[in-house]
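Examining the three-dimensional arrangement
Chain residues, written in single-letter form:
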Amino acid sequence: MSLKDSQWWRDAVIYQVYPRSYADANGDGVGDIAGIRARLGHLRDLGVDAIWMSPWYPSPMADAGYDVADFRDIDPVFGSLTEAEALIEEAHAAGIRMIVDIVPNHISSEHPWFKAALADPDAKERDYFWFRPGRGENGDEMPTDWRGEFGGTTWTRTPDGSWYLHLFTPEQPDLNWDHPDVRAEFESILRFWFDRGVDGIRIDSAALLLKDPALPEVLEDSPHPFHDLDGVHEVYRSWRRIADSYGGDRALIGEVWMPEVERFANYLRPDELHAAFNFDFLGCAWDPRLMRECVDRTLHAHAAVGAPATWVLSNHDVTRHVTRYGREDTTFSFDNNLDGTPVDLEVGTRRARAAALLSLSLPGATYIYQGEELGLWENENIPPEEFQDPMWGRRGHSRDGCRVPLPWTGDEAPFGFTTATPWLPQPAEWKDRTAQAQTGDPNSMLELYRSAIARRREESFSDFAWLDLDPAVLAFCRGQDFACVVNMSGAPVALPAHQSVLLASGPLDGDRLPPDTAVWLRMTS
Ligand code: GLC
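These lines cover the structure that appears in this document, whether it is placed above or below. (Residues numbered from 1 in each chain as written. Predicted model: local features only at pLDDT ≥ 70, side-chain atom pairs only at ≥ 80, totals over all residues. Heavy atoms only, no water.)

For the rest of this paragraph, the subject is the sheet that holds strand 6 (residues 163-165). Read from one edge to the other, the open sheet built from 3 strands follows the order 4-6-5, with strand pairing classed as antiparallel. What marks the edges here is a single partner per strand, and that holds for strand 4 (131-132) and strand 5 (155-157). As paired elements, strand 4 and strand 6 share 2 bridges and run antiparallel to each other. Its bridge partner being in strand 6, Phe-131 is matched across the sheet by Tyr-164. (Pairing = 2+ DSSP bridges. Helix = DSSP H or I, 4+ residues; strand = E, 2+ residues; numbered from the N terminus.)

So, in structure tokens, the structure goes:
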């Protein structure tokens, strides 16, 4: 495969590596770069176009690495910068691009900037953050009542009596993006990684950077004080100029949680980000009408700005979709905690297989979260005392269940992930979900993903159009002779006439498509 194609992000298959949980080579129970390099063949055989690497920088790990203490190095738990460079080179040699994760909204409280700011109220670094006096007579009330992104409060008091803002944990102080030094620093960090050959940047919490300096409360009919402020677009315009200065094949991919699709699409205007994760699709119910509306909404919003859509089913922050789709309520939102509600993993797995064919044939780029190709479900049986996620305790939901180390080989935990005890426990039932157990089994999730990605590469998908079939199915074509049909109804439906089956997510019932099953078809007339 050639890495020369420009605009590769428009239709790439991008695999998210969560480095703590991919593979551990040094036997400390936590995944590392050496482990990723040793198992790069898995990604080559899967056929992905790019890897998005969740943060691997030095970090006290208050938020699993999303609290970065130094953006120009690698945490020793993962390895070294030299190893990271070797991985970038080896991935490129295997035809796989590399995307790194940049977290601009906040840094670690252990970052030298924050330490300097705490040590001396007159330090210039003080202005890189949001230090404010408290309210009330003694200044002992927080400057605002803003609710944090993980729930809870957003201000912490320092020994000198002032307060600093953190939309996430106290170990993640928010940066002041009105300060030119902050902007210059991140521009330099982008260049640091582009200079090392990375092909893209995933931008964490991309809509949160700017804050209204008047610090008003969050009120229903007033502009939001820290979400999606207009000024943030200027930051991304400057980042786009930097990306473009590298020859036009470096991509910026935003994590933009935004219910209003028009506001979302603003981030994807031609001089801003190249792509953004489609959380509307991720959270959508397993329902043909809602799913169809979501696809329409997505395509319409992206077409308006000329950006490619993305299709995302899972990531390291959300309940794995095998579990979500096995529940009665198949939606996802952080405000709707469904932990512990009954799950039918058989139904969830069947739907996840169908969703794989759906997400790999809709127009745009498809994101795969590590382990989804193995059909992993959420580990809902982690004892709370083993939880590491700071969201637990603030929102009553832990993201650890979707971050469990991958099962590679063997019949029992740790399934070849490590020689030690994995940092989170793996379900014993994953013995059937190891990469080894699934390889060569035509009915496995892994072989479904491999076949679908290989077929997607061979097809030259073109224009998207809905097919008029039973309203309980989702059916569309991509050009003259390729069609995808997903049955989201509870009953079998007839397949269209004049076709042959290219790939099916499960057994067919003659010329009928069973419930929760998808097919890719070659239309013959
Ligand atoms: C993003 C990340 C999440 C992290 C948060 C704070 O949402 O995906 O894992 O906790 O930002 O950086």
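Having seen the model, we can carry on.
Our focus in this paragraph is the pattern of salt bridges. Tallied over the full model, the rule gives 40 salt bridges. A salt bridge links Arg-202 to Asp-204; the shortest N-O distance between them is 2.7 Å. Each member of the pair, Arg-202 together with Asp-204, is buried. Salt-bridge contacts for Glu-459 lead to Arg-455; the nearest nitrogen and oxygen are separated by 3.1 Å. What makes Glu-459 buried here is its relative accessible area of 12%. Because the salt bridges share partners, they merge into one network encompassing Glu-234, Arg-237, Arg-241, Arg-269, Asp-271 and Glu-272. (Salt bridge = Lys/Arg side-chain N within 4 Å of Asp/Glu carboxyl O. Buried < 20%, exposed > 50% of the residue type's maximum accessible area, 1.4 Å probe, protein only.)

In this section: the sheet that holds strand 9 (residues 275-276). Backbone hydrogen bonds hold the strands of a sheet together, and the pairing may be parallel or antiparallel. The strand order 9-8-7-3-2-1-11-10 describes an open sheet built from 8 strands, whose pairing is parallel. At either end of the open sheet lies a strand with only one pairing partner, and these are strand 9 and strand 10 (310-312). Pairing of strand 1 (residues 13-17) with strand 2 (residues 50-53), which is carried by 4 bridges, proceeds in the parallel orientation. The partner of Tyr-15 across the bridge, within strand 2, is Ile-51. Strands strand 2 and strand 3 (97-102) of the sheet are contacted by helix 3 (residues 81-93), whose axis makes an angle of about 140° with strand 3. Most of the contacts of helix 5 (residues 180-195) go to strand 3, to which it runs at about 155°, and overall it touches strand 3, strand 7 (200-203) and strand 8 (251-254). (Contact = heavy atoms within 4.5 Å. Axes fitted to C-alpha atoms, helices over the stretch in contact; angles between N-to-C directions.)

What follows concerns the environment of Ala-352. Here Ala-352 is to be found in helix 11 (residues 345-359). On the basis of relative accessibility, which here comes to 1%, the residue Ala-352 falls in the buried class. Considering only alpha carbons, one finds Ala-352 and Val-256, 96 residues apart in sequence, at a separation of 24 Å. Sequence-distant contacts of Ala-352, defined by excluding residues within four places in its chain, comprise His-321, Val-322, Tyr-325 and Met-445.

Of note, His-316 is situated in the loop between strand 10 and helix 10 (321-324). A polar contact of 3.2 Å, which involves the side chain of His-316, links it to the side chain of Tyr-66. Dropping the residues within four chain positions of it, His-316 is found in contact with Gln-16, Tyr-18, Trp-52, Ser-54, Tyr-66, Arg-202, Tyr-369, Arg-399, Cys-402 and Arg-403. (Polar contact = N/O pair within 3.5 Å; in protein donor to acceptor, adjacent residues only side chain to side chain.)

Counting residues in hydrophobic clusters, the biggest one holds 146 residues, and the most contacted among them are Trp-56, Ile-102, Trp-193, Ile-201, Tyr-236 and Trp-239. Top contributing element to this core by residue count: helix 5, with 7 residues. Contact partners of Trp-193, with chain neighbours within four places excluded, come to Trp-56, Tyr-57, Phe-71, Ile-74, Leu-81, Ile-88, Val-100, Ile-102, Val-198 and Ile-201. By size, the runner-up hydrophobic cluster in this structure holds 12 residues, among which are Trp-146, Leu-167, Leu-208 and Phe-226. (Core = buried A, V, L, I, M, F, W, Y, C linked by side-chain atoms within 4.5 Å.)

The contact between helix 5 and helix 6 (residues 232-244) brings their axes to 10 Å, and the two run at 30°. Looking at the two axes, helix 5 sits roughly parallel to helix 6. For the pair helix 5 and helix 6, the sense of crossing is right-handed. Residue-level inspection shows Arg-183, Phe-186, Glu-187, Leu-190, Arg-191 and Phe-194 of helix 5 in contact with helix 6, the latter providing Val-235, Ser-238, Trp-239, Ile-242 and Ala-243. For the contact of helix 5 with helix 6, the class distribution of residues is 7 nonpolar, 1 polar and 3 charged. (Parallel < 35°, antiparallel > 145°, perpendicular 65-115°, else oblique. Left-handed = near helix turned anticlockwise from the far one by under 90°. Nonpolar A, V, L, I, M, F, W, Y, C, P; charged D, E, K, R; others polar.)

All told, the structure shown has 38 aromatic pairs when counted by the stated rule. Between Phe-332 and Phe-334, the aromatic rings sit 5.1 Å apart at their centres with planes inclined by 80°, giving edge-to-face as the arrangement. Overall, the relative accessible area of 14% leaves Phe-332 in the buried class. Look at Phe-334 and you get partly exposed, because its relative accessible area is 25%. A connected cluster of aromatic rings, assembled from ring pairs, spans Trp-56, Tyr-57, Phe-71, Trp-177, Phe-186, Phe-192, Trp-193, Tyr-236, Trp-239 and Tyr-267. Sitting over the ring of Trp-423, Arg-20 keeps its end group 4.3 Å from the ring centre. (Phe/Tyr/Trp six-rings, centres within 6.5 Å; stacked < 30°, edge-to-face > 60°. Lys NZ or Arg CZ within 6 Å of the ring centre and 35° of its normal.)

In the vicinity of the ligand there are 14 residues, among which Asp-63, Asp-204, Glu-255, His-316 and Asp-317 approach most closely. In this structure, an oxygen atom belonging to the ligand sits 2.9 Å away from a side-chain N or O atom of His-106. A distance of 2.5 Å is found between an oxygen atom of the ligand and a side-chain nitrogen or oxygen belonging to Asp-317. Among the residues forming the shell around the ligand, the class breakdown is 3 nonpolar, 4 polar and 7 charged. (Near = heavy atom within 4 Å.)

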